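The primary structure of each chain is shown beneath.
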Amino acid sequence: MGVAVGGSGREVRLVEVPEGLPEERHLTVAEVPVPVPGPGEVLVRNRHFMVFAALRTLMGGTVRDAPLPPLLAGDTLFGPAIGEVVAASDAEGPQPGEQVLHMLGWREYAVVAREACVRLDGTLPDPVAHLNQGTAAYGALTRLAAIRPGDTVLVTGAAGAVGSLAGQIARLLGAGRVIGTTGSARKGERLVAEVGYDAAVLRGGDGPGSFAERLAGAAPDGVDVLLDNVGGEQLAAAVGAARQGARFALVGALSGQLAAGGGGGAPVAVDSYRLILKGVSLRGYAGTDHPEMGQEWTARFGEWLRSGAIRFPHTRIAGIDEAPRAFTDMVRGRHFGTVIVDV
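Each value, and the rule that gives it
- Residues numbered from 1 in each chain as written.
- Predicted model: local features only at pLDDT ≥ 70, side-chain atom pairs only at ≥ 80, totals over all residues.
- Heavy atoms only, no water.
- Helix = DSSP H or I, 4+ residues; strand = E, 2+ residues; numbered from the N terminus.
- Rg over C-alpha atoms; globule rule 2.2 N^0.38 Å.
- Buried < 20%, exposed > 50% of the residue type's maximum accessible area, 1.4 Å probe, protein only.
- Contact = heavy atoms within 4.5 Å.
- Axes fitted to C-alpha atoms, helices over the stretch in contact; angles between N-to-C directions.
- Left-handed = near helix turned anticlockwise from the far one by under 90°.
- Nonpolar A, V, L, I, M, F, W, Y, C, P; charged D, E, K, R; others polar.
- Polar contact = N/O pair within 3.5 Å; in protein donor to acceptor, adjacent residues only side chain to side chain.
- Core = buried A, V, L, I, M, F, W, Y, C linked by side-chain atoms within 4.5 Å.
- Salt bridge = Lys/Arg side-chain N within 4 Å of Asp/Glu carboxyl O.
- Pairing = 2+ DSSP bridges.
- Right-handed = clockwise from strand over helix to strand, strands pointing away.

Engineer: For this particular structure, what's the right way to read the overall build of the protein?
Structural biologist: Per the secondary structure count, the protein includes 10 helices and 15 strands. Scaling as 2.2 N^0.38, a compact globule of 343 residues should have a C-alpha radius of gyration of about 20 Å, and the protein matches this with 21 Å. Once the C-alpha set of the protein is aligned to its principal axes, its extents read approximately 65 × 45 × 35 Å. Counting all 343 residues of the protein, 48% fall into the buried class. Sequence separation of at least 24 residues holds for 68% of the intrachain contacts in the protein that already meet a minimum separation of 6.

What follows is the structure, given as structure tokens:
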């Protein structure tokens, strides 16, 4: 499959850094010339890319020590993408016709360094499943908060890309009871009916009593393991529900990322005295500390998918022109599972 010289493609750019939650007007779809690969590079025609909440945090560069570069006005968004190589500068690395995974999504055509491409080898039955965010959940639940048989596991933000896989992973690793939190009754029903949660705890004003009281009702004997995607009051409540020797793994901070005030931090007050009394371990999960995890998770995920032991909940959005709306809808919690744009 060739690409005509002088052709054009589209990409999604940040128009301006939002002061509050991003709106569609903060993003634009621009037409640009198809780039030409240089030495050591390949040209990829993207077919699918992931929409993820961390992009909001990168807008404006307000987060210290972030592992990804900031997004400033005029920048093209980026993130995990799957595409087909259509041109290569030499005979090394991926060649035309091969499918690859890389980090330059949000555009129709991307020039990618060949070492930054991961060839898809059929480990997963559906190439789109490579756009999952299960690596962090699997890594945290095996490296930081190793699940013991019969544990009660709490997953905050359970209806998102990480959480919709995390509950299933926890069950497969031996959890006895798995509880998820979400912001709507409908999503709570889906967590129980579709992805194996035993109970869903609603945040905000969609239920009786405080969040801590609702959590206590769902986990009357307490929580052994927390996989936290949110922080804020949900993390504070989990500390209150911790059992002796509980293990807490922090993988996200949606309470800060999706805050109207900017998303540059996620402060929370927790009862440190209870952490001491209950011997709670609390650690943040960083994928860079576990470089072996991606390959291990993909192999395990492929086995579970093929056996039917796990599902990959995701929402497909057709067309790059719909990407700005897909992003703002995701930020506002309007999707279930991973959000993927088909280019």
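Engineer: Looking at this structure, I do not really get the packing of helix 2 (residues 134–144) against helix 3 (residues 163–172). What am I missing?
Structural biologist: How two helices pack is summed up by the angle between their axes together with the distance between the axes. For the pair helix 2 and helix 3, interaxial distance at closest approach is 9 Å and the crossing angle is 35°. With respect to the hand of their crossing, helix 2 and helix 3 are arranged in right-handed fashion. Contacts between helix 2 and helix 3 involve Gly134, Ala137, Tyr138 and Leu141 from the former and Leu165, Ala166, Ile169 and Ala170 from the latter. The residue makeup of the contact of helix 2 with helix 3, split by class, is seven nonpolar, one polar and no charged.

Engineer: It is not clear to me how the side chain of Asp342 should be interpreted in this structure. Could you clarify?
Structural biologist: Here Asp342 shows up in strand 15 (residues 338–342). At 2.7 Å, the side chain of Asp342 forms a polar contact with the side chain of His48.

Engineer: I'm lost on the nonpolar core in this one. Help?
Structural biologist: Taken as a class, soluble globular proteins show a tendency for nonpolar side chains to be buried jointly. Membership of the largest hydrophobic core comes to 66 residues, with the highest contact counts inside it found for Val51, Trp106, Ile169, Leu227, Phe301 and Phe327. Setting aside chain neighbours within four positions, we find Leu227 in contact with Ala137, Ala140, Leu141, Leu154, Val155, Thr156, Val162, Ala166, Ala249 and Val251. One finds Phe211, Val223, Leu235 and Val239 within the second-largest nonpolar core, a separate group that totals 20 residues.

Engineer: Help me understand the pattern of salt bridges, please; the structure alone is not making it clear to me.
Structural biologist: Two side chains of opposite charge can pair, provided their charged atoms sit close to one another. Using the criterion set out here, one finds 20 salt bridges in the structure. A salt bridge links Asp321 to Arg10, with the shortest nitrogen-to-oxygen separation between them at 2.8 Å. Taken together, the residues Asp321 in the loop between strand 14 (314–318) and helix 10 (323–331) and Arg10 in strand 1 (residues 8–14) connect sequence positions 311 residues apart. Among the ionic pairs, Glu92 bridges to Arg114, the shortest N-O distance being 3.4 Å. Taken as a pair, Glu92 in the loop between strand 4 (81–88) and strand 5 (99–102) and Arg114 in the loop between strand 6 (109–113) and strand 7 (118–119) lie far apart in primary sequence, 22 residues in all.

Engineer: Help me understand the pairing of strand 10 (residues 199–202), please; the structure alone is not making it clear to me.
Structural biologist: Where a strand is regular, its side chains alternate between the two sheet faces. Pairing geometry for strand 9 (residues 177–182) and strand 10, over four bridges, is parallel. Note on strand 10: the bridge partner recorded for Gly180 is Ala200. On the question of chirality, the crossover connecting strand 9 to the parallel strand 10 by way of helix 4 (residues 185–194) is right-handed.

Engineer: Hey, could you run me through the pairing of strand 9 in this one?
Structural biologist: Along strand 9, five of the six residues are buried, which leaves the element largely enclosed by surrounding structure. Inspection of the sheet shows strand 8 (residues 152–155) paired to strand 9 by four bridges, in the parallel sense. Note on strand 9: the bridge partner recorded for Thr152 is Arg177. In this fold, the crossover linking strand 8 to strand 9 by way of helix 3 has right-handed handedness.

Engineer: Explain unusual backbone geometry here, please?
Structural biologist: What is expected of a backbone is that most residues other than glycine have negative phi and most peptide bonds are trans. Of note, the phi angle at Trp106 is positive, near 65°, even though the residue is not glycine. By secondary structure assignment, the location of Trp106 is in the loop between strand 5 and strand 6. A residue is classified by how much of its surface remains accessible, and Trp106, at 0% relative accessible area, is buried.

Engineer: Help me understand the sheet that holds strand 8 in this model?
Structural biologist: Whenever strands of a sheet pair, they do so through backbone hydrogen bonds, lying parallel or antiparallel. Ordered by their spatial adjacency, six strands build an open sheet running 10-9-8-11-12-13, and the pairing between neighbours is parallel. Each end of this open sheet is capped by a strand with a single partner; those strands are strand 10 and strand 13 (281–284). Across this sheet, the average inter-strand angle for adjacent strands is 15°, counted without regard to direction. Looking at chain direction, strand 11 (residues 223–228) and strand 12 (residues 242–250) are connected through five bridges and run parallel.

Engineer: Help me understand helix 10 in this model?
Structural biologist: Residues spaced three or four apart along an α-helix point in a common direction, a consequence of the helix completing one turn every 3.6 residues. Of all nine residues making up helix 10, eight are buried, and the element is well covered by its neighbours. Three or more residues of helix 10 are buried, namely Ala323, Pro324, Ala326, Phe327, Thr328, Asp329, Met330 and Val331. Here the buried face of helix 10 lies against strand 1, strand 2 (27–33), strand 3 (41–51), helix 1 (54–58), strand 14 and strand 15. Just beyond helix 10, the residue with positive phi is Gly333, at close to 75°.

Purely geometric stuff here, so don't read any function into it on its own.
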